[in-house]
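Chain by chain, the residues run as shown.
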Amino acid sequence: MAQIIDGKAIAAEIRSEVAEETRAFKETYGITPGLSVIIVGDDPASQVYVRNKRKACDNCGFASETYALPASTTQAELEALIDRLNQDETVHGILVQLPLPAHLDEKTVLLRIRPEKDVDAFHPFNVGEIMIGDYRFLPCTPAGCMELIRRSGISVEGKNCVVVGRSTIVGKPMAMLLLQANGTVTICHSRTRDLSGICRTADILVAAVGKRELIRGDMIKPGAVVIDVGINRKEDGTLCGDVAFEEAFPVAGYITPVPGGVGPMTIAMLMKNTLTAAKRSKGI
Ligand code: NDP
């Protein structure tokens, strides 16, 4: 039977560490970390994420501002707002909630954010820093996965790590972080031959695909650490991951549930990045 990695509890621990550090930072420097979140249009899932981010900011003692712009916002209007926030010294982090409406150019928008305020770590400069291994921010979801592994007392060094999924926001940076932690890393994707066989070699298996229960119990090496990033919705509306949890649970050594695994970590790591950005603004 696997040990369940409780992402909710670990995320709460990180948020309270951030709140504690924020209190000390405010006392010493008289500065309140500030996060500005921009949301364009009325995607209901994005609205929930933005509300949760705001709540987390309040709990950490941050100043947070949400800019809810209409779906008709032009590229120039959005970029003008980013420029203004780039110049505002009370704003340490800027986050543009994705996806953007189709008429807006996501890449140009992300490029517009000053890298030192890019708390999502999506700017090509910060992406490059992750490749080099000399970073100020880590992308929140992969960084959250690494914290789950670390805080569960699991060492990555020398382990066979398999990451299923190669997206820019999850799969690729996840593989880099495991590599930097001295894992031996394989990345799988939709053209991978023998996905099952490769997954079975994994001491640490990270699933970031977005396909409901793609990873079955017989694809997991006994005792493996299974980190399930996927968020999928079943017909009855409940959430499930990329891993068939009931099948994986008896085989794995450690496993993250969905919900309550990786999900809560993403916002906790965003809080951590925002505090880092505020500290960096003071050269700390
Ligand atoms: P993307 O759709 O950008 O990437 C999915 C990846 O999975 C691609 O690299 C794709 O391969 C690969 N893939 C698709 N089908 C298969 C298959 N049959 N076998 C092997 N690989 C396959 O997704 P994201 O990385 O953005 O997100 C992945 C999941 O994580 C989603 O469920 C998302 O909701 C969730 N997520 C959760 C977060 C959290 O906070 N917990 C945060 C971000 C994402 P190819 O490149 O060849 O197309």
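Everything below is about the structure printed above this text.
The text that follows walks through the structure, step by step, so that each part is easy to find.

So, how was this worked out
- Residues numbered from 1 in each chain as written.
- Predicted model: local features only at pLDDT ≥ 70, side-chain atom pairs only at ≥ 80, totals over all residues.
- Heavy atoms only, no water.
- Helix = DSSP H or I, 4+ residues; strand = E, 2+ residues; numbered from the N terminus.
- Axes fitted to C-alpha atoms, helices over the stretch in contact; angles between N-to-C directions.
- Parallel < 35°, antiparallel > 145°, perpendicular 65-115°, else oblique.
- Left-handed = near helix turned anticlockwise from the far one by under 90°.
- Contact = heavy atoms within 4.5 Å.
- Nonpolar A, V, L, I, M, F, W, Y, C, P; charged D, E, K, R; others polar.
- Pairing = 2+ DSSP bridges.
- Right-handed = clockwise from strand over helix to strand, strands pointing away.
- Near = heavy atom within 4 Å.
- Polar contact = N/O pair within 3.5 Å; in protein donor to acceptor, adjacent residues only side chain to side chain.
- Areas by Shrake-Rupley, 256 points an atom, 1.4 Å probe, with all protein chains shown as cover.
- Core = buried A, V, L, I, M, F, W, Y, C linked by side-chain atoms within 4.5 Å.
- Buried < 20%, exposed > 50% of the residue type's maximum accessible area, 1.4 Å probe, protein only.
- Phe/Tyr/Trp six-rings, centres within 6.5 Å; stacked < 30°, edge-to-face > 60°.

1. Here we look at unusual backbone geometry
So, step 1. Here the residue pair L98 and P99 is connected by a cis peptide bond, since its omega of 0 degrees sits within 30 degrees of zero.
So, step 2. Its location among the elements puts P99 in the loop between β4 (93–96) and α4 (106–112).
So, step 3. Between V258 and the following residue, P259, the backbone shows a cis peptide bond with an omega angle of 0 degrees.
So, step 4. For D194, which is not glycine, the phi dihedral falls at a positive 60 degrees.
So, step 5. Positionally, D194 belongs in the loop between β6 (184–188) and α8 (195–199).

2. A short note on the packing of helix α2 (residues 44–60) against helix α10 (residues 263–281)
So, step 1. Their axes nearest at 10 Å, the elements α2 and α10 cross at an angle of 50 degrees. Taken together, the axes of α2 and α10 are oblique relative to one another. Seen from above, α2 lies across α10 with right-handed handedness. Across the interface between the two elements, Y49, N52, K53, A56, C57 and C60 of α2 pack against I267, L270 and M271 of α10.
So, step 2. Here the residues of the contact of α2 with α10 are counted per class, giving seven nonpolar, one polar and one charged.

3. Focus: the pairing of strand β3 (residues 63–69)
So, step 1. As judged from the seven bridges shared by strand β2 (residues 34–40) and β3, these two strands associate in the parallel manner. Across the sheet, the residue bridging to L35 is S64, located in β3.
So, step 2. Taking the sense of rotation as the criterion, the β-α-β connection linking β2, α2 and β3 turns out right-handed.

4. Details of the site of the ligand
So, step 1. Near the ligand you find 22 residues, and of these R166, S167, S190, I231 and T266 are the closest.
So, step 2. Interatomic distance of 2.5 Å between a side-chain N/O atom of S167 and an oxygen atom of the ligand.
So, step 3. Contact between the ligand and H189: a nitrogen atom at 3.4 Å from a main-chain N or O atom of the residue.
So, step 4. Protein chains bury 70% of the 940 Å² of accessible surface belonging to the ligand in isolation.
So, step 5. When the residues that make up the shell around the ligand are grouped by side-chain class, the tally is ten nonpolar, ten polar and two charged.

5. Focus on the nonpolar core
So, step 1. Formed by 53 residues in total, the largest nonpolar core has its most connected members in L178, I204, V206, I227 and M271.
So, step 2. With nine residues, the single largest contributor to this core is α10.
So, step 3. Look past the residues within four positions of M271 in its chain and what remains in contact with it is V18, L35, K53, A56, C57, C60 and F62.

6. Quick notes on the packing of aromatic side chains
A ring pair, where both rings are aromatic, is described by two values, the distance of the centres and the angle of the planes.
So, step 1. Across all of its chains, the model carries two aromatic pairs by this definition.
So, step 2. Ring geometry for F245 against F249: centres 5.7 Å apart, planes inclined by 15 degrees, an arrangement best described as stacked.
So, step 3. We classify F249 as partly exposed; its relative accessible area is 23%.

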